[in-house]
Amino acid sequence: MQEITEVVSQMRKRTSKEPKIGLILGSGLGDLADEIQDADYIPYHALPYFPEPTVKGHVGRFVVGTLEGKEVVAMQGRYHHYEGYSLRQVAFPVDVMKALGIHYLIVTNAAGGINTSFSPGDLMLIQDHINMLGGSPLIGPDDETSGPRFPDMSSAYDRQLIQLAEEKADQLDVAVKKGVYLATPGPQYETPAEIRMMRIMGADAVGMSTVPEVIEAAHAGLRVLGISCITNMASGILDQPLSHAEVIETANKVKDHFIQLVQAVVKNI
Ligand code: HPA
């Protein structure tokens, strides 16, 4: 709690805005931050307890400003477990945004499609998740001020926000799917056998992020919307290797639709 207070007091030296909506922007989807007006930029390296992100294509800063008339705080670049950060470290910025005043969190990621009715370029609204990271950001000393010891996960992804996103997607003529996101530690992509197992388990998409932040958000009582960009079909579905270049390329192709959808949701929250 003291760490959070320290970070927020540093951020308060750089912004006086009062965002109610937080955004976490995943691989190739960081351009949404460029739509934020009247922005205050707070690089992670200017903050205590914030290591420099190591992934290419992730900038590493908070952007606090106005999007569609709403004050928002966006994370342009996030932390991943595979970079060597603990799940606690990965989820810590969610607590910081909560302390800054957010009630809503919109989380985005790039993911591989497990559901064979999906295609690369599809957007998937996350209805639920499966945590295969082998841990939780909530493991450790119990801080009763920030949330319950045993938080409920039965509605971690807010049904009303999913409905709102579906409505807006429909109006924008952007096709969206819905499904279950499974998080794996990575950084290697899955084997075809792992993908067959994940399909049997009920997963529609697989990625290496989002779940720690959503667990933290559920603990903090935030209302969450999660959107995956299906950048590729998961391992073994098509007869071709997976590459990070393909992930970034597809994310870039659909980013206009993706940005429009997030903007429409933000406007109507
Ligand atoms: N697997 C895991 N993470 C991913 C994938 C994938 O196929 N695509 C984008 N992120």
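What counts, and where the lines are drawn
- Residues numbered from 1 in each chain as written.
- Predicted model: local features only at pLDDT ≥ 70, side-chain atom pairs only at ≥ 80, totals over all residues.
- Heavy atoms only, no water.
- Helix = DSSP H or I, 4+ residues; strand = E, 2+ residues; numbered from the N terminus.
- Rg over C-alpha atoms; globule rule 2.2 N^0.38 Å.
- Buried < 20%, exposed > 50% of the residue type's maximum accessible area, 1.4 Å probe, protein only.
- Contact = heavy atoms within 4.5 Å.
- Areas by Shrake-Rupley, 256 points an atom, 1.4 Å probe, with all protein chains shown as cover.
- Lys, Arg positive; Asp, Glu negative; His and termini not counted.
- Charge placed at Lys NZ, Arg CZ, Asp CG, Glu CD.
- Near = heavy atom within 4 Å.
- Polar contact = N/O pair within 3.5 Å; in protein donor to acceptor, adjacent residues only side chain to side chain.
- Nonpolar A, V, L, I, M, F, W, Y, C, P; charged D, E, K, R; others polar.
- Phe/Tyr/Trp six-rings, centres within 6.5 Å; stacked < 30°, edge-to-face > 60°.
- Salt bridge = Lys/Arg side-chain N within 4 Å of Asp/Glu carboxyl O.
- UniProt positions renumbered as here; feature names shortened; annotations may be inferred.
- Patch = residues over 30% accessible without salt bridge, like charges linked within 9 Å, V, L, I, M, F, W, Y side chains within 5 Å.
- Core = buried A, V, L, I, M, F, W, Y, C linked by side-chain atoms within 4.5 Å.

All right, on to the overall build of the protein then. Across its full length, the protein carries 6 helices and 9 strands. Against the globule reference of 18 Å for 269 residues, the protein gives a C-alpha radius of gyration of 17 Å, in line with a compact fold. A buried classification covers 54% of the 269 residues belonging to the protein. Considering only intrachain contacts with a sequence separation of at least 6, the fraction spanning at least 24 residues in the protein is 82%. When the accessible surface of the protein is split by element, carbon and sulfur atoms take 49% of a total near 11,700 Å². The protein carries 22 positive and 33 negative side-chain charges, and their two centres are separated by 2 Å.

Ala 110, Ala 111, Gly 112, Tyr 189, Glu 190, Val 206, Gly 207, Met 208, Thr 231, Asn 232, Leu 242 and Val 247 make up every residue found near the ligand. Residue Gly 112 places a main-chain N or O atom 3.3 Å away from a nitrogen atom belonging to the ligand. A distance of 2.7 Å separates a nitrogen atom of the ligand from a polar side-chain atom of Asn 232. Burial of the ligand by the surrounding chains reaches 95%, relative to a free accessible area of 260 Å². No other element matches the 3 residues that strand E5 (residues 104–113) contributes to the shell around the ligand. Of the residues contributing to the shell around the ligand, the split by class is 7 nonpolar, 4 polar and 1 charged.

Attention shifts here to the packing of aromatic side chains. Following the criterion strictly, the structure yields 8 aromatic pairs and no others. Each ring, one from Phe 50 and one from Phe 62, has its centre 5.6 Å from the other, and the planes form 65°; the classification is edge-to-face. Placement of Phe 50 in the loop between strand E2 (37–43) and strand E3 (61–67) and of Phe 62 in strand E3 is noted, with a sequence separation of 12 residues between them. Residue Phe 50 shares its accessibility class with Phe 62, and that shared class is buried. Within the aromatic cluster, the residues linked to one another by ring pairs are Tyr 44, Tyr 49, Phe 50, Phe 62, Tyr 79, Tyr 85 and Phe 92.

Along the chain, the position of Asp 40 falls in strand E2. Reaching out from Asp 40, the side chain makes a polar contact with the side chain of Lys 17 at a distance of 2.8 Å. The residues contacting Asp 40, other than those within four sequence positions of it, are Arg 14, Thr 15, Ser 16, Lys 17, Phe 62, Val 63 and Val 64.

Take the pattern of salt bridges next. In the structure shown here, the tally under the stated rule is 8 salt bridges. A salt bridge links Glu 18 to Arg 12; the shortest N-O distance between them is 3.7 Å. The class for Arg 12 is partly exposed, based on a relative accessible area of 31%. Across the pair Lys 17 and Asp 40 runs a salt bridge, and its minimum N-O distance is 2.8 Å. Note that Lys 17 is positioned in the loop between helix H1 (2–12) and strand E1 (21–25) and Asp 40 in strand E2, a separation of 23 residues in sequence.

Let us look at the UniProt feature "binding site: a purine D-ribonucleoside" (unreviewed entry) in the protein. With numbering aligned to this structure, UniProt lists the feature "binding site: a purine D-ribonucleoside" (unreviewed entry) at Glu 190 and Asn 232. These annotated residues cover 43 residues of sequence, and their C-alpha atoms lie no more than 12.4 Å from one another, placing them together at a single site. Among the secondary structure elements, Glu 190 is positioned in the loop between strand E7 (176–183) and helix H4 (192–201). For Glu 190, a relative accessible area of 10% gives the class buried. Leave out the neighbours within four places in its chain, and Glu 190 touches Thr 184, Ile 195, Met 198, Val 206 and Ser 235. Summarising the element assignment, Asn 232 is placed in strand E9 (residues 223–233). Among all residues touching Asn 232, those that are not within four sequence positions of it are Ala 111, Gly 112, Gly 113, Pro 120, Leu 242, Glu 246 and Val 247.

A grouping of Asp 34, Glu 35, Glu 68 and Asp 256 is seen on the molecular surface, where their side chains present a negatively charged patch. Structurally, Glu 68 is set in the loop between E3 and strand E4 (70–76). For Glu 68, a relative accessible area of 34% translates into the label partly exposed.

Time to look at the nonpolar core. Core analysis: the largest hydrophobic core is formed by 76 residues, its most contacted members being Phe 50, Phe 62 and Leu 105. For this core, the element with the highest residue contribution is helix H6 (residues 244–268), accounting for 8 residues. Apart from residues lying up to four places away in sequence, Phe 50 is in contact with Val 7, Tyr 44, His 45, Phe 62, Tyr 79, Phe 92, Pro 93 and Val 96. Counting 9 residues, the second largest nonpolar core, distinct from the first, contains Ile 130, Ala 203, Val 206 and Ala 234.

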